[in-house]
Amino acid sequence: MTWRSPLALVRDALRGQRARENELRSLESNLPYEGLEKGKQPNRYFTSNAIKTTKYSLLFFIPMNLYEQFHRLANLYFVGLVILNFIPQVNAFQPEIALIPICVILSLTAMKDAWEDFRRYQSDRKLNNMPCFIYSRKEKQFVERCWKDVRVGDFVKVVCNEIIPADLLLLYTSDPNGVCHIETANLDGETNLKQRTAVSGVCNTHPKFEPESFKGIVVCEKPNNNLNHFKGYVEKPDKQKVGAGIESLLLRGCTVRNTDHAVGFVVYAGHETKSMLNNSGPRYKRSKLERRLNIDVFFCVILLFTMCLIGALGHYLWLNAMPVVPPYLVPPTSGQLDSPSLASFYMFFTMIILLQILIPISLYVSIELVKISQIFFITNDIDLYDEETDSRIQCKALNITEDLGQIEYIFSDKTGTLTENKMVFRRCSIMGTEYPHKENDGKLFQKISRTSSSSLSHSQKTDAYLDFFLALAICNTVVVSMATSQRRRVSAQNAGSIFKFCKRKPKRNRTFTEDSEEHFQPSGQTEGVRTTGLQPCSLHPPSLSDKPALTSDNLRYEAESPDEAALVYAAKAYGFTLLSRTPDSVSVKLPSGEVLDFEVLDTLTFDSNRKRMSVLVRHPITKEYVLYTKGADFAIMELLGTPYAGMLRLDGNKKNIATVTQRHLDCYAKEGLRTLCIAKKVVSEAVYKRWSVDRKKAMAAIEDRERLVMDTAVQLETNLTLLGATGIEDRLQENVPDTIQALREAGIKVWVLTGDKPETAVNIGYACGLLEDEDLVINMAAVFQITCTNILDCTLEEVRRYNADPRNVDTTLNMSLVIDGLTLDKALSPDLLDRFVALVKHCRSVLCCRVTPLQKSRVVKVIREKLKVMTLAAGDGANDVNMIQAADIGIGISGQEGMQAVMASDFAISRFKHLKKLLLVHGHWCYTRLANMIIYFFYKNVAYVNLLFWYQFFCGFSATAMIDYWLMIFFNLFFTSLPPIMFGIMDKDISAEMLLGVPELYKTGQGEGDYRFTTFWVSILDAFYQSLVCFFVPYLVYQDSDIDMFTFGTPLNTSALFIILLHLSIEIKSWTVVHWIIMLGSVALYFIVTLAYSAVCVTCNPPSNPYWILQSQMEDPMFYLICILSTVVALLPRMYIHLQIYYYGKATISRTGVNQH
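If you look the protein chain up in an unreviewed UniProt entry, it shows as Phospholipid-transporting ATPase from Oreochromis niloticus. Annotation of the protein chain in UniProt includes, under Cofactor (unreviewed entry), the sentence "Mg(2+)".

1. Describing the nonpolar core
Core analysis: the biggest nonpolar cluster contains 102 residues, and Leu355, Phe938, Met962 and Tyr1011 have the highest contact counts within it. Examining the composition of this core, we find that 19 residues originate from one element, helix H27 (residues 914-952), more than from any other. When residues of this core are assigned to domains, at least three fall in each of domain 1 (25-127) and domain 3 (288-375 + 921-1150). Setting aside chain neighbours within four positions, we find Tyr1011 in contact with Leu289, Arg292, Leu293, Asp296, Tyr927, Ala931, Ile934, Ile935, Phe938 and Phe1016. Counting residues in hydrophobic clusters, the runner-up holds 71 residues, among them Tyr435, Val600, Leu627 and Ala725.

2. Details of a nonpolar patch on the surface
A contiguous nonpolar surface patch, about 860 Å² in accessible area, is contributed by Tyr1025, Val1037, Met1118, Tyr1120, Leu1121, Ile1124, Leu1125, Val1128, Val1129 and Leu1132. Mapped by element, the contributors of at least two residues to the nonpolar patch are helix H31 (1013-1037) and helix H35 (1117-1156). Ranked by the residues each element gives to the nonpolar patch, the list is headed by H35, at eight residues. Along the chain, Leu1121 falls in helix H35.

3. Brief notes about the side chain of Ser816
Summarising the element assignment, Ser816 is placed in strand S32 (residues 815-820). Excluding residues within four positions of it along the chain, Ser816 makes contact with Leu770, Leu771, Asp775, Leu776, Val777, Ile778 and Ser845.

4. A closer look at the sheet that holds strand S9 (residues 232-235)
Across the sheet, four strands lie side by side as S1-S8-S9-S10; this open sheet has antiparallel pairing. The two strands at the open ends of the sheet, each matched to only one other strand, are strand S1 (24-27) and strand S10 (241-244). Between one strand and the next, the sheet's axes are offset by a mean angle of 20°, whatever the strand orientation. Relative to S9, strand S8 (residues 217-221) runs antiparallel, the two sharing four bridges. Bridged to Val219 within S9 is Tyr233. Docked against the sheet, helix H17 (residues 685-700) engages S9 and S10, running at close to 70° with respect to S10.

5. Points about the sheet that holds strand S36 (residues 907-909)
Sheet architecture is open: nine strands sit in the order S14-S36-S35-S34-S15-S30-S33-S32-S31, paired in mixed fashion. Each edge of the open sheet is held by one strand with a lone partner, namely strand S14 (394-395) and strand S31 (776-780). Bridge count between strand S15 (residues 409-412) and strand S30 (residues 749-753): four bridges; the pairing is parallel. Opposite Ile410, over in S30, you have Val750 as the bridge partner. Relative to S32, helix H23 (residues 833-840) is tilted by about 140°, and along the sheet it contacts S15, S30, S31, S32 and strand S33 (845-849).

6. Some words on helix H18 (residues 705-716)
Its 12 residues place the ends of H18 17 Å apart at the C-alpha level, agreeing with the 16 Å of an ideal helix rising 1.5 Å per residue. Along H18, the residues classified as buried are Arg705, Thr712, Ala713 and Leu716. Taken around the axis of H18, the buried residues stretch over an arc of 100°, which confines them to a single face.

7. Here we look at the UniProt feature "transmembrane region" (unreviewed entry) in the protein chain
Under the present numbering, the feature "transmembrane region" (unreviewed entry) in UniProt falls on residues 293-318, 345-367, 951-975, 1016-1037, 1043-1064, 1076-1098 and 1118-1137. With 100% helix and 0% strand, residues 293-318 has end C-alpha atoms that lie 37 Å from one another. From the first C-alpha to the last, residues 345-367 spans 36 Å; its make-up is 65% helix and 0% strand.

8. Remarks on the environment of Thr721
Inspection of the secondary structure assignment puts Thr721 in strand S29 (residues 721-732). For Thr721, a relative accessible area of 16% translates into the label buried. It is 9.4 Å that separates the C-alpha atoms of Thr721 and Ile636, two residues lying 85 residues apart in sequence.

9. Observations regarding the pattern of salt bridges
For the coordinates displayed, the defined rule picks out 45 salt bridges. The partner of Arg911 in a salt bridge is Asp386, with the nearest N and O atoms 3.9 Å apart. Taken together, the residues span a long stretch of sequence, with Arg911 in the loop between S36 and H27 and Asp386 in the loop between helix H9 (363-379) and S14 at a distance of 525 residues. The pair formed by Arg911 and Asp386 is uniform in burial state, with each residue classed as buried. A salt bridge links Arg801 to Glu798; the shortest N-O distance between them is 3.4 Å. Of this pair, Arg801 and Glu798 both sit in helix H21 (residues 785-804), separated by three residues, roughly a single helical turn. Residue classification places Arg801 among the exposed positions, given a relative accessible area of 52%. If you follow the salt bridges from partner to partner, you end up with Lys414, Asp563, Arg674 and Asp756 in one network.

10. Digging into the packing of aromatic side chains
The geometry of an aromatic ring pair is captured by the separation of the ring centres together with the interplanar angle, meaning the angle of the planes. Taken as a whole and judged by the stated rule, the model has 56 aromatic pairs. Note on Phe155 and Phe209: the rings are 6.3 Å apart at their centroids and 55° apart in plane angle, and the pair reads as tilted. With Phe155 in strand S4 (residues 155-159) and Phe209 in the loop between strand S7 (194-197) and S8, this pair connects stretches of sequence that are 54 residues apart. A relative accessible area of 8% places Phe209 in the buried class. Between the aromatic rings of Phe411 and Trp751, the centroid separation amounts to 5.2 Å while the plane-to-plane angle is 65°, which identifies the pairing as edge-to-face. Of this pair, Phe411 sits in strand S15 while Trp751 sits in strand S30, and the two are 340 residues apart along the sequence. Look at Trp751 and you get buried, because its relative accessible area is 0%. What links up through ring pairs into an aromatic cluster is the set Trp966, Phe970, Phe974, Phe975, Phe1058, Tyr1086 and Phe1087.

About the thresholds
Residues numbered from 1 in each chain as written. Predicted model: local features only at pLDDT ≥ 70, side-chain atom pairs only at ≥ 80, totals over all residues. Heavy atoms only, no water. UniProt positions renumbered as here; feature names shortened; annotations may be inferred. Core = buried A, V, L, I, M, F, W, Y, C linked by side-chain atoms within 4.5 Å. Buried < 20%, exposed > 50% of the residue type's maximum accessible area, 1.4 Å probe, protein only. Helix = DSSP H or I, 4+ residues; strand = E, 2+ residues; numbered from the N terminus. Domains from an automatic or database assignment. Contact = heavy atoms within 4.5 Å. Patch = residues over 30% accessible without salt bridge, like charges linked within 9 Å, V, L, I, M, F, W, Y side chains within 5 Å. Areas by Shrake-Rupley, 256 points an atom, 1.4 Å probe, with all protein chains shown as cover. Salt bridge = Lys/Arg side-chain N within 4 Å of Asp/Glu carboxyl O. Pairing = 2+ DSSP bridges. Axes fitted to C-alpha atoms, helices over the stretch in contact; angles between N-to-C directions. Expected span 1.5 Å × (residues − 1). Arc of directions from axis to C-beta. Phe/Tyr/Trp six-rings, centres within 6.5 Å; stacked < 30°, edge-to-face > 60°.

Structure representation (structure tokens):
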């Protein structure tokens, strides 16, 4: 290795940083430079494929871990007190003793961090050493290497069932059509196969690819975490640019399926791959309770400083009041006592050290333990397990479980969240004629059989009915394979923990076969129709548990959305069977049995702006360039040209197909069906050639590529010819109405934000109980701002009149709002925002229709910020991600629309009905447990610290403790630490059955909830009262006696233990064996440790001597009398109040139950 100057190394590092930060990267093949030193490699500035997810190294673990732990202010606070205690002028007790609590906390946290980091190291090592095949110019073949040896610019070969080691630009596959099928389950949980196609025009050595023949330069964008987008192109030696998108990128972590082998060029490696950039670890959010906790800690700091100031002032007054210096005040080595002012100044800091436990050092660790345990109980609840999908709830945000008990607004998507998202084809309208699916009498079959035969016999003309069903079969991205060919999978031993560094998601297989419980058998089907080859077959995809029938012609359709699968099956039911699909062709079998092979010229994929997708094909018979388009009705209707109006006559009059079809669409929407319009366009050859040039330029562009591609799509999708429309049923999920009713009774307002038509959304709203017959439903649809303003003003005036009417004092106006996306934009404008919020605050439910993803997120933010309420958003698709991330809690439904919503969520469930128990039971328990535990922690520390504070009034405010320092440290660290943790983990104030049966009980957590300002200060005052009783009962008993300091402190310490533990016993609502063991174990531990300490510790804390103190006390009946009397008097007020609350609460629950019945 040649020596390089430091200046050259710095210059190289700066160049590398610039190369990595450039928006565009130019990558060359590594083959011509094989064997040369790193400085001569063209791609040397980019990261290697080795990954490192560990946070620490063995050598620097201790300093790095301490540095990370000291980011917590609480740890810094206690370390500062330890350092302060080493200063002789202000130390309160032995410095070594002060080290014990913080050392225990830091050590436990460090052990946990070390174990987690060691597991990451093992995972990294296993992953980096996995085998792969890299092409070697010297050996003229692909050789086996490790993943960590892969570099940007290498050629990597992947084989069937092998996991892809880096992000590869696909150049060649064994498939003659250049197709490679991959499974992305490790990235997004989806197991339906996805097609990737080799970059066209790059590989010229088929059937055997020679990497050395590749002379181009790959230009691509800077790495990003978007799994669905990639921009790049290959520049050939002749300067021709060939565009490449996500359809040509094999992502690291995906698995090759149904493809013998493929070869790709490495564009991103290691930590720059898209999978690694998405590996952000657990989500962190601060809960509402945690924010409130920080405020109360601040109050405790103020209380501590106040007590220390009182102590410092008292010490000053005490010193000034003495006429002479008493003999027990020993001067320092200088021989001179400090002045009263300086001594009181020192005493302030000494008191801080003595009373430090007022700030609970173990509270934060206890909260973490409780939350982890709560998550364990939630994820293992059998009622939240979905047997059909074999999935249970996922908790991804580890620190907001208590927020589940404080939700006031729920924002839900409709499709896939409230509904099954398992589509069933029900009705269609073709050329203005409506055909109900189950009720049709074979007329549609007869029409198809006639038109398909006559259209095929006339090569210059096709029929609209034929075009309609061809569009259903062709205009999609469905992957076709044989259901009998089982997909080979990598062994569990190899794949079990390969991607532990990625969050594993439950797998969703959207592979649809034609078997189903529902089959279509048209009534009145004639014998002549049967001879056309039409077979009864399912019109909707089966459930995931159905197994495909092993027949010779059984096909497997793998669709990216259930809508596409339903339309493909509808086409197949009427004889138009999709047989195969490649990037360049698609084959459809007609009812007559003839197979048409269409050449696919381009696919204009769906996007949320256009609301449609199109496929441009060359018709095999007419040789025409035909564009088939499907999309939302409003997106298609505005693009229509001249319809087939002249081809169809009804009662001698020409029919306005668009108007009639729109009427059918409105009827479908009122029935709750999802609607799509189907259209076509014949493109001339000249127009196609001009458009193709623009399309290729757009595909090869890097800057502003998305806009250019969309512009080319919009350019072609004009003057469409309407063929018809479809109505697809999306049934409600199980128990959705019951869940919404329970959530409403719990005081939660439910909103539905959907992209569907208002008629469809309203129908579903009534079906799921969101809207009721007695509701006053306000439909807001305004084209102009002034109209929207008038509607808001009038409605608000009516609400004010209703509320002002004396006859409506005890009643509530059941009002619901339905608003479309266009009107919503106006209502959310700055001028009308406050009025809109004022209106929806009075609404029981709101339905927002035709809304975009950005509108969804904005609605959530507006309600959360304006009304200061806790919000929850639930959705199942990529269009719900913004809404999920905008809410306080995001719920992902792991349904049929992929896993993007799940990946962005805080909690993931498989059914909407699971929200009922998740919120009403687990949410309530998590909140009440944590709130009560935190309040108890503050009470416990204040009560114990006050014992030391009261003693200062009788010892000249000298920061003397009447309890041995070791026992004082052990009291909070061991004797009373486990009971509150178990209280926070296992306590159940109300049973699950009662919480589900009386949803109104959930309201106790809403708003300020149980953990209120008053609750905190009442608990603090109670702690002051109990500490006064605990201190002055022994003080009055032993007044004027000659007992020593520790003899006075021992019954006081013992009484404090019983008071604090029995106080917790009063708070515990449900006792278990674990509670008994821990409570009795804590008492036993106290006596065992104290007795042992008193027996062996003679000079542990000189000059004091706690030897045999407790043994002597336990021989004195007065000790037991003091403990019993102090405990009873201290706890009597709390016991009385709890009995009153118990009987009042029981009566309230009984009244609620009677009202419900």
